[in-house]
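# Coordinates in review
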Amino acid sequence: MSEQNRKYNVAVAGATGAVGGAMLDVLERLDFPINELRLLASERSVGKKLKFREQEIPVQLLSKDAFAGIEIALFSAGAARSLEFASAAAAAGAVVIDNSSAFRMDDEIPLVVPEVNPHAIARYTKRGIIANPNCSTIQMLVALKPIHDRAGIKRIVVSTYQAVSGTGAKAIAELEAQVKAYAAGEPLQNNVYPHQIAFNCLPHIDSFLDNGYTKEEMKMVNETRKIFEDQTIGVTATTVRVPVFYGHSESVNIETAKKISAAEVKELLATAPGVKLVDEPSLSIYPLALDCAGKLETLVGRIREDESIENGINLWVVADNILKGAALNAVQIAEIVVRDYL
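Residues numbered from 1 in each chain as written. Predicted model: local features only at pLDDT ≥ 70, side-chain atom pairs only at ≥ 80, totals over all residues. Heavy atoms only, no water.

## Looking at the overall build of the chain
Scanning the chain from terminus to terminus reveals eight helices and 13 strands. The globule rule puts the C-alpha radius of gyration for 342 residues at 20 Å, and the 20 Å found for the chain is close to it. Its C-alpha atoms put the chain at 60 × 55 × 40 Å along the principal axes. The burial tally for the chain puts 52% of its 342 residues in the buried class. Here the contacts in the chain between residues at least 6 apart in sequence split such that 66% fall between residues at least 24 apart. (Helix = DSSP H or I, 4+ residues; strand = E, 2+ residues; numbered from the N terminus. Rg over C-alpha atoms; globule rule 2.2 N^0.38 Å. Buried < 20%, exposed > 50% of the residue type's maximum accessible area, 1.4 Å probe, protein only. Contact = heavy atoms within 4.5 Å.)

Structure representation (structure tokens):
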């Protein structure tokens, strides 16, 4: 258990990336108790200075020797670098919170959404690593947890509409360039995606597997079962990349074990942690990707009963994929670690 007013030595691996930068913003917004902040990145970023709490902090080289004295290590440098450096950080005494896919399905490593399964954090001691789930899984389960607790979810059918920022800075630039080229009547170039993304929808996120699903779709299936600690839940997903810069949207259909009305779901979600109910369709008020950018909450609306089955509910779920889908979730895990375990 942490002492009151104690401060911690924190490292951010991948500090110069989009999620790394968002981690710095969230650490500042949530007033995380930091003694030393160590910014780590690849060789090309060494010496670059990033602003944090009115200070300019130079970026250091991400290496296996970079974690001496660090107590919390936030990783957002990609799966390959996590596999290379996370165990070294843990061996140096840091609790690693990893945002990549490297450790999510490792049975020895907890996969955590703080509003859903904070108790799982206790198992971090096995390897010194906690995994952050996929962005689309996080926001869906924040919305579904209160319903699952009340009525028991048997099956989930989800279709996602995911922003290009989920791919990275090059994808953002590609969408912007294509929109400008289209407006100017010039040919559109695509390098990041296999097809034009401007004014288009691509039902293709990550690579295709032998079962016809993409890796992104199967992440949602497998991560949901692991986080809910229930391998019997039926989950099927279709993930789609859309021409939106920030904010993932999801159409979620669930079948519950017990009957629950739309009114009851709204009542549950109105006070659920991490959720903001945005559901006045008669006034054209419902969650929008445009409205979620920069927000810490997961927005939920369009709640209605599925009239095609006995115990069905439909929801529309929107969140900032860089914040709740990545940086915020990681820092929230860190808050629990320092509060309850260090």
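Once you've had a look at it, read on.
## Here we look at the sheet that holds strand S13 (residues 312-319)
The six strands lie next to each other as S9-S8-S10-S13-S12-S11, forming an open sheet whose pairing is mixed. Each edge of the open sheet carries a strand with a single partner, namely strand S9 (234-241) and strand S11 (275-277). For this sheet, the mean angle separating the axes of adjacent strands, direction not counted, is 25 degrees. Across five bridges, the pairing between strand S12 (residues 298-305) and S13 is antiparallel. In the strand pairing of S13, Gly301 is matched with Trp316. Docked against the sheet, helix H3 (residues 135-151) engages strand S8 (153-162), strand S10 (248-256), S11, S12 and S13, running at close to 30 degrees with respect to S10. (Pairing = 2+ DSSP bridges. Axes fitted to C-alpha atoms, helices over the stretch in contact; angles between N-to-C directions.)

## With respect to helix H2 (residues 79-91)
Over its 13 residues, H2 runs 18 Å from end to end, which matches the ideal 18 Å to within 8%, given 1.5 Å per residue. At Phe85, H2 shows its largest bend, some 40 degrees. Ser82, Phe85, Ala86, Ala88, Ala89 and Ala90 are the residues of H2 that are buried. Just downstream of H2 lies Gly93, where phi reads positive at about 110 degrees. (Expected span 1.5 Å × (residues − 1). Bend = angle between axes of the 7 residues up to and from the residue.)

## Observations concerning the sheet that holds strand S7 (residues 129-131)
With mixed pairing, the seven strands of this open sheet are ordered in space as S3-S4-S2-S1-S5-S6-S7. Single-partner strands in this sheet number two, and they are strand S3 (49-52) and S7. The average angle at which neighbouring strand axes cross in this sheet is 25 degrees, direction not considered. Bridge count between strand S2 (residues 34-41) and strand S4 (residues 55-61): three bridges; the pairing is parallel. The residue of S4 that forms the bridge with Ala41 is Leu61. Relative to strand S5 (residues 72-75), helix H8 (residues 323-340) is tilted by about 165 degrees, and along the sheet it contacts strand S1 (8-13), S5, strand S6 (95-98) and S7.

## Description of the packing of H3 against H8
Remark: H3 packs on H8, axes separated minimally by 8 Å, with the N-to-C direction vectors making an angle of 85 degrees. On the basis of the axis angle, H3 is roughly perpendicular to H8. Residues Cys135, Ile138 and Val142 of H3 pack against Lys324, Gly325 and Asn329 of H8. Taken together, the residues of the contact of H3 with H8 sort by class into three nonpolar, two polar and one charged. (Parallel < 35°, antiparallel > 145°, perpendicular 65-115°, else oblique. Nonpolar A, V, L, I, M, F, W, Y, C, P; charged D, E, K, R; others polar.)

## Re the environment of Asn191
Tracing the backbone shows Asn191 in the loop between helix H4 (169-184) and helix H5 (215-228). The exposure class of Asn191 is exposed, given its relative accessible area of 68%. Measuring from C-alpha to C-alpha, the distance between Asn191 and Ala171 comes to 8.7 Å, with 20 residues separating the pair along the chain.

## Re the pattern of salt bridges
Per the stated rule, a full pass over the model turns up 15 salt bridges. Arg127 serves as the salt-bridge partner of Asp106, at 2.9 Å between the closest nitrogen and oxygen. Here the residue Asp106 occupies a position in the loop between S6 and S7, and Arg127 occupies one in the loop between S6 and S7, the gap between them amounting to 21 residues. Put simply, Asp106, Glu108 and Arg127 are held in one network by salt bridges that share partners. (Salt bridge = Lys/Arg side-chain N within 4 Å of Asp/Glu carboxyl O.)

## Details of the packing of helix H1 (residues 18-29) against H8
In contact at an axis separation of 9 Å, H1 and H8 are set at 50 degrees when each is read in the N-to-C sense. In this view, H1 runs oblique relative to H8, as classed from their interaxial angle. Our pair here, H1 against H8, has a crossing hand that is right-handed. In this structure, H1 contributes Val19, Ala22, Met23, Val26, Leu27 and Arg29 to the contact, and H8 contributes Leu323, Ala326, Ala327, Leu328, Ala330 and Val331. Across the contact of H1 with H8, the residue classes tally to eleven nonpolar, no polar and one charged. (Left-handed = near helix turned anticlockwise from the far one by under 90°.)

## Description of the packing of aromatic side chains
A full pass over the atoms with the stated rule returns four aromatic pairs. Seen from their ring centres, Phe67 and Phe75 are 5.6 Å apart, and the 20 degrees between their planes marks the pair as stacked. On the basis of relative accessibility, which here comes to 0%, the residue Phe67 falls in the buried class. Plain terms: the ring middles of Tyr161 and Trp316 are 5.5 Å apart, the flat faces sit at 45 degrees to each other, and that makes the pair tilted. (Phe/Tyr/Trp six-rings, centres within 6.5 Å; stacked < 30°, edge-to-face > 60°.)

## Some points on the pairing of S5
By the alternation rule, side chains of S5 split into Ile72 and Leu74 and Ala73 and Phe75, which are all buried. Pairing analysis gives four bridges linking S1 to S5, with the strands arranged parallel. Directly across from Ala11, in S5, lies its bridge partner Ala73. For the crossover that starts at S5, traverses H2 and ends in the parallel S6, the hand is right-handed. (Right-handed = clockwise from strand over helix to strand, strands pointing away.)

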